[in-house]
Structure formats: structure tokens, C-alpha cells
Amino acid sequence: DTAVSQTPKYLVTQMGNDKSIKCEQNLGHDTMYWYKQDSKKFLKIMFSYNNKELIINETVPNRFSPKSPDKAHLNLHINSLELGDSAVYFCASSQLAGLAKNIQYFGAGTRLSVL
Amino acid sequence: AQKITQTQPGMFVQEKEAVTLDCTYDTSDPSYGLFWYKQPSSGEMIFLIYQGSYDQQNATEGRYSLNFQKARKSANLVISASQLGDSAMYFCAMREEGAQKLVFGQGTRLTINP
């Protein structure tokens, strides 16, 4: 049973399209995250939600809109896709707790290719 | 501002040898956590080990141990008796107390040779 699952695993689309990536966690965690990994493998936080409320928004273009219908789900919608959006997007989750219990568990990633 | 540096872009090691992956960090917060993740070629991010800034002992998890030197601000990952399956990218990350985001280093690509 996958703890943090993302769909789809691969997404190939044309510039200008709108697409969504879904994420679900069955760990009972309070907090979920989206990270972006670029072509050089560098990972950077994009958003974080705690119990459906946005707590981190790291200067991401407003074409990216996260939505959390409940604390087990955090979806990422991207409007007007650009070539530079091509990357691997990771969803993660953790408890909102002290450092020792705040281990973030990641999904398998979604590889987005914008043509 | 918190910063993580991994100075080894690539490492090549013979199977069964021990390997140390370097990680240095910078923070002004006295309370923080250090994490190591493994990313195999299949792409997923796998949590390996955690060290808290106030922990008195170095963390260990099976063949993984963390050589934590607080005064030098380093948190090197040691993998004992390396195996072919250890070939992967390894990322060091830090989280400051009160912050929710992980800040990652650039990663080290480890290749284990038979």
C-alpha cells in the first residue's frame, strides 16, 4: 500500500495547455508539500499545506495553483504551461510536529515534459 | 538563511567498501534537523536517516550512520559495506525548527562498482 501516491507518473503536453497532478497520502499526516526537481536534480519547495491551509508559498508563478480538498490530498494545477515548467514534481507529507517527528515522506514523482 | 552544501558531485566506490558522503550546512537557528535521502534511478525519494541538532549521539540506521560534527557544521553520511543497490543520488537536507520546508543540497551521485 503506497504511502504517498502521485498521478500521473509521466505527463507530456504542449506549451499553453493546463494540467493537473494529484497527490494522496494514507499516513494520516497533517502537512503536505509540493517540491520541484529541475534538470540538474536540484530540489526546491514550492508549496506546503497544513490541514487544508496554505502555509508555504515560495515565490512560485501564479500559474501554479495548489488545492487541498482534505488533509489527505494535495493537487497541483498548472495553467498555460511553459517549456521551463518541465521538471519532476514531488509530493511529500509529514506530521506537523517537532523536528524528530517531522520526517517528510515523498511520492514517486511526476515527470512533466512540456513540448 | 539556511544553506546545505554537498561538494562531491560524484563518487565511485568498490563494492563492500565503506563510503562517506559529505554535507555541510549553515544556519543561525540553534535547533534544526538534518536528513539524508536516497534517489535511485527509478526516481523516488527514500528517507534514510535523521539527526537532530541537540542529539548527543550520532544517528544510525542499519548500514547508514551519520557523522555529525556540530562545531564544524557537517553531517556526513557513512554507508558501511556498500552494495550495488546503493548506487543512487544522495541528498542532504535541513529543516530549521519552526520552518516546514526542507532545504536540499545539490546531491552526490554514488556509483558502486562490482
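Definitions and limits used
Residues numbered from 1 in each chain as written. Chains lettered and ligands numbered in written order. Predicted model: local features only at pLDDT ≥ 70, side-chain atom pairs only at ≥ 80, totals over all residues. Heavy atoms only, no water. Helix = DSSP H or I, 4+ residues; strand = E, 2+ residues; numbered from the N terminus. Polar contact = N/O pair within 3.5 Å; in protein donor to acceptor, adjacent residues only side chain to side chain. Buried < 20%, exposed > 50% of the residue type's maximum accessible area, 1.4 Å probe, protein only. Pairing = 2+ DSSP bridges. Axes fitted to C-alpha atoms, helices over the stretch in contact; angles between N-to-C directions. Core = buried A, V, L, I, M, F, W, Y, C linked by side-chain atoms within 4.5 Å. Contact = heavy atoms within 4.5 Å. Disulfide = S-S within 2.5 Å. Salt bridge = Lys/Arg side-chain N within 4 Å of Asp/Glu carboxyl O. Nonpolar A, V, L, I, M, F, W, Y, C, P; charged D, E, K, R; others polar.

A.B. asks: Even after reading the chapter, I still don't get the environment of Ser-87 of chain B, so can you show me in this structure?
C.D. replies: With respect to the secondary-structure elements, Ser-87 of chain B resides in the loop between β9 (74-79) and β10 (88-96). Within polar-contact distance, the side chain of Ser-87 of chain B engages the backbone nitrogen of Ile-112 of chain B at 2.9 Å.

A.B. asks: It is not clear to me how the pairing of strand β11 (residues 110-114) of chain A should be interpreted in this structure. Could you clarify?
C.D. replies: A regular strand carries its side chains on alternate faces of the sheet. Residue and element names in this part refer to chain A. The alternating pattern of β11 places Thr-110, Leu-112 and Val-114 on a buried face and Arg-111 and Ser-113 on a face that is not buried. Bridge analysis of strand β2 (residues 10-13) against β11 gives four bridges, and the strand direction is parallel. Note on β11: the bridge partner recorded for Tyr-10 is Arg-111. Bridging between strand β9 (residues 87-94) and β11 involves three bridges; their strand directions are antiparallel. For Tyr-89, the partnering residue across the bridge sits in β11 and is Thr-110.

A.B. asks: Teacher, can you tell me more about the sheet that holds strand β7 (residues 64-70) of chain A here?
C.D. replies: What links the strands of a sheet is backbone hydrogen bonding, and the strands pair in either a parallel or an antiparallel sense. Residue and element names in this part refer to chain A. What the four strands build is an open sheet, ordered β1-β3-β8-β7; its pairing is antiparallel. Strand pairing shows two members of the sheet lacking a second neighbour, β1 (4-7) and β7, which therefore form its edges. On average, adjacent strands in this sheet sit at an angle of 20° to one another, irrespective of strand direction. Note: β7 against strand β8 (residues 73-78), five bridges, orientation antiparallel. Counterpart to Asp-70 in the pairing with β8 is His-73.

A.B. asks: What should I look at first to understand the nonpolar core in this one?
C.D. replies: Here is a general trend for soluble globular proteins: nonpolar side chains tend to be buried in one another's company. All names here are of chain B. Ranked by size, the top nonpolar core spans 25 residues in total, and within it Tyr-25, Leu-34, Trp-36, Ile-49, Leu-77, Tyr-90 and Leu-110 carry the most contacts. If you list the elements that add at least two residues to this core, you get β2 (10-14), β3 (19-21), β5 (32-39), β6 (46-52), β8 (64-69), β9, β10 and β12 (108-113). By residue number, the principal contributor to this core is β10, which donates four residues. Apart from residues no more than four positions distant in its own chain, Leu-110 is found in contact with Met-11, Val-13, Val-19, Ile-79, Asp-86, Ser-87, Ala-88 and Tyr-90.

A.B. asks: Mind showing me how you'd approach the state of the cysteines here?
C.D. replies: By definition, a disulfide links the sulfur atoms of two cysteines through a covalent bond. Applying the stated criterion to the full structure yields two disulfides over all chains. With its sulfur 1.8 Å from that of its partner, Cys-23 of chain A forms a disulfide with Cys-91 of chain A. Measuring handedness by torsion sign, the sulfur bridge of Cys-23 of chain A and Cys-91 of chain A sits at about -80° and is left-handed. Pair noted here: Cys-23 of chain A is in strand β3 (residues 19-25) and Cys-91 of chain A is in strand β9, with a separation of 68 residues, a long-range link. Owing to a relative accessible area of 1%, Cys-23 of chain A belongs among the buried residues under this scheme. The disulfide that involves Cys-23 of chain B links it to Cys-92 of chain B, with 2.0 Å between the sulfurs. Judged by the sign of its S-S torsion, about -65°, the cystine formed by Cys-23 of chain B and Cys-92 of chain B is left-handed. You can see Cys-23 of chain B sitting in the loop between β3 and β4 (24-26) and its partner Cys-92 of chain B sitting in strand β10, a full 69 residues away along the chain. Note on Cys-92 of chain B: relative accessible area 0%, which makes it buried.

A.B. asks: Honestly, the interface of chain A and chain B in this entry has me stumped. Any pointers?
C.D. replies: How big an interface is tends to be stated in terms of the accessible area lost upon association of its parts. Taken residue by residue, the interface counts 24 residues in chain A and 23 residues in chain B. Of the charged contacts in the structure, one is a salt bridge between Glu-58 of chain A and Lys-101 of chain B, with a shortest N-O distance of 3.3 Å. One can count five residue pairs in polar contact (both at pLDDT 80 or more) joining chain A with chain B. Among the secondary structure elements, those contributing two or more residues to the side of chain A that touches chain B are β4 (31-37), β5 (43-50) and β6 (53-57) of chain A. Split into classes, the residues belonging to the side of chain A that touches chain B amount to 15 nonpolar, six polar and three charged.

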